[in-house]
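A closer look at the structure
As a plain string of letters, each chain reads:
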Amino acid sequence: KKAEQENTKRKKAEQENAKQSQSKNEKAQSVESKLSQKKQQVKKEEQNSPQKGKQMEYKTLRKGVKYIDVVVGRGPIVQDRKKLRVKYVLRAKNHMNGKVIDSSSNFGFRLGKGEVIQGWDIGMEGMRQGGIRRLIVPMQAGYGNRDIGAGRGADLYFEISVLSC
């Protein structure tokens with residue numbers, strides 16, 4: 001009888017864990033779906049824009065970090081020293097078809113605390129939740145002369161989406 005009760009408890013716990021896991025996955029998929037929709041909307045707006053054909057220009061920040069906003073978020077602005085969650089893709093050579101070196105769909109850190117490379121601490125200032133930004137991080141704000149897959153001292157091309165802050 002005890003074994004039966006323990007089996008029942010174990011099965012209930014497994015079902016509860018499965019429900020929680022499914023709920024987390026659904027939330028992540030919802031956020032990714034919204035970001036994908038925003039990207040598609042931006043592409044349509046760019047195609048219909050009077051500036052069609054003009055190249056959007058990167059803005060240069062400290063240490064040579066460059067950025068361009070693909071989508072300006074509508075949520076809160078990321079705060080220095082506060083925890084945030086992002087989705088990112090790191091590529092070699094360029095943002096569009098460079099080799100993917102690293103990526104994450106749910107990466108958490110505190111901005112401005114040195115938990116990430118300086119290029120992120122510099123380049124993410126002013127972003128809003130829901131925003132998508134492309135960063136070009138030179139070696140002096142990235143990994144220095146180390147080769148992390150893009151070549152020694154190469155520029156790093158990130159596309160970062162703020163999921164929460």
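Preceding this paragraph is the structure being described.
So, here is what we can say about the structure in this document. If you're wondering where the values come from, they're calculated on a predicted model, not measured in any experiment.

What counts as what
Residues numbered from 1 in each chain as written. Predicted model: local features only at pLDDT ≥ 70, side-chain atom pairs only at ≥ 80, totals over all residues. Heavy atoms only, no water. Helix = DSSP H or I, 4+ residues; strand = E, 2+ residues; numbered from the N terminus. Contact = heavy atoms within 4.5 Å. Areas by Shrake-Rupley, 256 points an atom, 1.4 Å probe, with all protein chains shown as cover. Pairing = 2+ DSSP bridges. Salt bridge = Lys/Arg side-chain N within 4 Å of Asp/Glu carboxyl O. Buried < 20%, exposed > 50% of the residue type's maximum accessible area, 1.4 Å probe, protein only. Polar contact = N/O pair within 3.5 Å; in protein donor to acceptor, adjacent residues only side chain to side chain.

**Thoughts on the overall build of the chain**
The secondary structure content of the chain amounts to two helices and six strands. Seen in sequence order, the chain has helices and strands lined up from the N terminus as α-β-β-β-β-α-β-β. A separation of at least 24 residues holds for 64% of the contacts in the chain among residues at least 6 apart in sequence. Of the roughly 11,300 Å² of accessible surface on the chain, a fraction of 45% belongs to carbon and sulfur atoms.

**What to know about the pairing of strand S2 (residues 66–71)**
Two faces belong to every sheet, and in a regular strand the side chains alternate between them. Sheet topology note: the strand S1 (residues 59–60)/S2 ladder contains two bridges and is antiparallel. Residue Thr60 lies in a different strand from S2, and its bridge partner there is Lys66. Linking S1 back to S2 in an antiparallel pair, the connection comprises five residues, with Lys63 at a positive phi of about 60 degrees. In this structure, S2 lies alongside strand S5 (residues 132–137), joined through five bridges in antiparallel fashion. The partner of Val71 across the bridge, within S5, is Ile132.

**Describing the pattern of salt bridges**
Scanning all chains against the criterion turns up five salt bridges. Two residues, Arg10 and Glu14, come together in a salt bridge whose shortest N-O distance is 3.4 Å. Here Glu14 and Arg10 lie together in helix H1 (residues 2–48), a separation of four residues that amounts to about one turn. Taking the relative accessible area as the measure of exposure, Arg10 reaches 43% and is therefore partly exposed. For Glu14, a relative accessible area of 44% translates into the label partly exposed. Between Arg110 and Glu115 there is a salt bridge whose closest N-O contact spans 2.7 Å. Residue Arg110 is classed as partly exposed on the basis of its relative accessible area of 34%. We classify Glu115 as partly exposed; its relative accessible area is 37%.

**A look at the sheet that holds strand S3 (residues 83–91)**
The antiparallel open sheet is built from six strands, whose spatial order is S1-S2-S5-S6-S3-S4. Both edges of this open sheet fall to S1 and strand S4 (100–110), since each of them pairs with a single strand only.

**A word on the side chain of His95**
Mapped onto the fold, His95 is located in the loop between S3 and S4. Classification of His95 by relative accessible area gives buried; the value is 12%. Reaching out from His95, the side chain makes a polar contact with the backbone oxygen of Leu135 at a distance of 3.2 Å. Polar side-chain contacts of His95 include one of 3.0 Å to the backbone oxygen of Phe158. Here His95 is in contact with Tyr58, Arg134, Leu135, Ile136, Tyr157, Phe158 and Glu159, once residues within four sequence places are set aside.

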